Amino acid sequence: MPKVMLRRTEKGALSFYVAKKDLEAEVSSLEFEGPGKWGGAIELTDGSRFFVEPLDEEPKLPITVRATRIDE
Amino acid sequence: MAVMTRNETEALIQEVLEIYPEKAQKDRAKHLTTNDHEVEQSKKCITSNKKSLPGVMTIRGCAYAGSKGVVWGPIKDMIHISHGPVGCGQYSRAGRRNYYIGTTGVNTFVTMNFTSDFQEKDIVFGGDKKLAKLIDEVETLFPLNKGISVQSECPIGLIGDDIEAVSKKKSAEIGKTVVPVRCEGFRGVSQSLGHHIANDSIRDWVFKDGEGAKGTNYEPGPYDVSVIGDYNIGGDAWSSRILLEEMGLRVVAQWSGDGTLAELENTPRVKLNLLHCYRSMNYISRHMEEKYGIPWMEYNFFGPTKINESLRKIASFFDDKIKEGAERVIEKYKPEMDAIQEKYVPRLKGKRVMLFVGGLRPRHTIGAYEDLGMEVVGTGYEFGHNDDYDRTIKEMGNATLIYDDVTGYEFEEFAKRIKPDLIGSGIKEKYIFQKMGIPFRQMHSWDYSGPYHGYDGFAIFARDMDMTLNNPCWDQVTPPWNKPAEATTEAD
Ligand code: SF4
């Protein structure tokens, strides 16, 4: 369960940063983005997928959360 | 030589790789690539931040170098103890040319070397007592220091000393910040992890969850910024700072060239963090963004094109007063920049450069060379990560060569084939290329020149490049290995 930091890049995209590994990747899709629920399954542009416990609403970014890897 | 096509560059990589044994070939192939603008993510074409292959000549440093040499070392009013054997600190002492103002040995200590000078008995019995004693001595001899950092060298981690405990105890005793840094050289694959560890130690031992800034009598203002990741090499941070101040901003902190502990402590209250060297200080910028809500942006102060772009981008975070300030500054320096380009472009136009440097220069200086009409045909990082290469792909021309953690052999072979007019790299590469008769500039320490940042820096940059490239001495050089055999015996 890596700790990841989610933040908005200059271009407005969501970035996924694993401090431990110094890995930065762009999020290509996020399961819940709407009001009421935010988070869930995250897919990165390189195809790897993670899961973060959904929050009630979009948090103030950047935020550090725990993410689990979804293995197919 | 004309511009290389994609196929030619790929063939060159193949050819150079041939000399390696099969396994090494496979490994090194992943670190070499031909630039392709189509690729969005660098990790598809280049692997980086991996352990160097045993047996090849690498140019990298160690984690201690990243922490003591780069991040902590330039903080001028603190004493940085190289904890462990004497060599690590002594052989790198004052080599980085981080300029600072102050009286060395009285209130500033950057170029001095403090070490616990480990001997066999310290390895056997542990060095914690020695460290405590050393801190007492430092306090007696240099009472004006504002704090102390303990930079671990390899043996400290190996024998399991508890520098954190000593630091805590001593900090309470002397009433100053004492920062233990676990930057033993063997951690990580290069100096890069040392930067990260150093950043984290600032977060944990200086900011202390926001406690750190309490008690300083600093009044935050609406135009406060900090300059992060500028090490003031040859005065770089100074020539950057004046531009920011001229456009109406207040530079509260310099990280870490000519910086102080108080500046670090004040940074969590600025409005914007300006990040020059992304590689070495993005960690603390990310932390400050999350914890204190301070946005950060990367900027580039090499060459007028990039400086203008950066000044406008910085201004966009502020109100009209600053935006007008930025335009005014750009306008003010324009005649000077035009004159420089008029003078040097005819002398340097079309010249081709190969770079191999550290944190930000392999991509940041490209614009400055282009402003002089030159072209960067090969570039690479000692210790870059994927995100660095992501940013580089866009800056470099299509089908140019990119090499990660290049080995001594590869670099030489590439240079022989690409025949650049100028190579920019470090001290370890300097003499081999100069002996080959290729003009060379040290791009880590600016070859004892500088500053190169800002408009003033560009004037010096242009002069230096011209001075090196158009020096008549290069044609006079015959490499020692090309001299006829008798000539060498005669010399014996
Ligand atoms: S690798 Fe270890 S011994 Fe070598 S310079 Fe770095 S800290 Fe010192």
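See the structure printed just above.
Residues numbered from 1 in each chain as written. Chains lettered and ligands numbered in written order. Predicted model: local features only at pLDDT ≥ 70, side-chain atom pairs only at ≥ 80, totals over all residues. Heavy atoms only, no water.

Participant: Help me understand the site of the ligand in this model?
Facilitator: Close contacts around the ligand come from C62, Y64, C88, E153, C154 and G185 of chain B, and that covers them all. Among the residues making up the shell around the ligand, the classes are represented as four nonpolar, one polar and one charged. (Near = heavy atom within 4 Å. Nonpolar A, V, L, I, M, F, W, Y, C, P; charged D, E, K, R; others polar.)

Participant: Before we go on, may I ask you to explain the packing of aromatic side chains in this structure?
Facilitator: Two aromatic rings, taken as a pair, are described by how far apart their centres are and by the angle between their planes. Residue and element names in this part refer to chain B. One pass over the full model with this rule turns up 24 aromatic pairs over all chains. Between F109 and F142, the aromatic rings sit 5.7 Å apart at their centres with planes inclined by 80 degrees, giving edge-to-face as the arrangement. With F109 in the loop between α4 (87-90) and β3 (114-115) and F142 in the loop between α6 (128-141) and β4 (147-152), this pair connects stretches of sequence that are 33 residues apart. Considered together, F109 and F142 belong to a single accessibility category, that of buried residues. Aromatic side chains Y369 and F461 sit 5.0 Å apart centroid to centroid with 65 degrees between the ring planes, which places their arrangement in the edge-to-face category. With Y369 in helix α16 (residues 366-371) and F461 in helix α20 (residues 454-469), the pair connects residues that are 92 residues apart, well separated along the chain. (Phe/Tyr/Trp six-rings, centres within 6.5 Å; stacked < 30°, edge-to-face > 60°. Helix = DSSP H or I, 4+ residues; strand = E, 2+ residues; numbered from the N terminus. Buried < 20%, exposed > 50% of the residue type's maximum accessible area, 1.4 Å probe, protein only.)

Participant: How do you make sense of the interface of chain B and chain A when you look at a structure like this?
Facilitator: Accessible area lost on assembly of the parts is the figure often given for the size of an interface. Listed per partner, the contact involves 17 residues of chain B and 14 residues of chain A. Together, the buried faces of chain B and chain A total about 1400 Å²; carbon and sulfur atoms form 39% of this surface. Viewed at the interface, chain A and chain B are joined by six salt bridges. A salt bridge links D22 of chain A to R279 of chain B; its shortest N-O distance comes to 3.8 Å. The interface formed by chain B and chain A contains nine residue pairs in polar contact (both at pLDDT 80 or more). Listed by contribution, the elements that provide at least two residues to the side of chain B that touches chain A are α12 (278-292) and α17 (386-395) of chain B. Sort the elements by how many residues they give to the side of chain B that touches chain A and α12 of chain B lands first, with seven residues. Within the side of chain B that touches chain A, the residues separate by chemical class into three nonpolar, six polar and eight charged. (Contact = heavy atoms within 4.5 Å. Buried area = accessible area lost by both parts, 1.4 Å probe. Salt bridge = Lys/Arg side-chain N within 4 Å of Asp/Glu carboxyl O. Polar contact = N/O pair within 3.5 Å; in protein donor to acceptor, adjacent residues only side chain to side chain.)

Participant: Please explain the sheet that holds strand β1 (residues 32-34) of chain B as it appears in this structure.
Facilitator: The strands making up a sheet are joined through hydrogen bonds of the backbone, oriented either antiparallel or parallel. All names here are of chain B. Read from one edge of the open sheet, six strands run β1-β12-β11-β10-β13-β14, paired in mixed fashion. Lying at the two open borders of the sheet, with one neighbouring strand each, are β1 and β14 (440-442). Averaged over neighbouring strand pairs, the angle between their axes works out to 25 degrees when direction is ignored. Here strand β10 (residues 352-355) pairs with strand β13 (residues 422-425) via three bridges, running parallel. Residue pairing in the sheet places V353 in a bridge with L422 of β13. Set on the sheet, helix α1 (residues 6-17) makes contact with β1 and β12 (401-403); between it and β1 the angle comes to about 165 degrees. (Pairing = 2+ DSSP bridges. Axes fitted to C-alpha atoms, helices over the stretch in contact; angles between N-to-C directions.)

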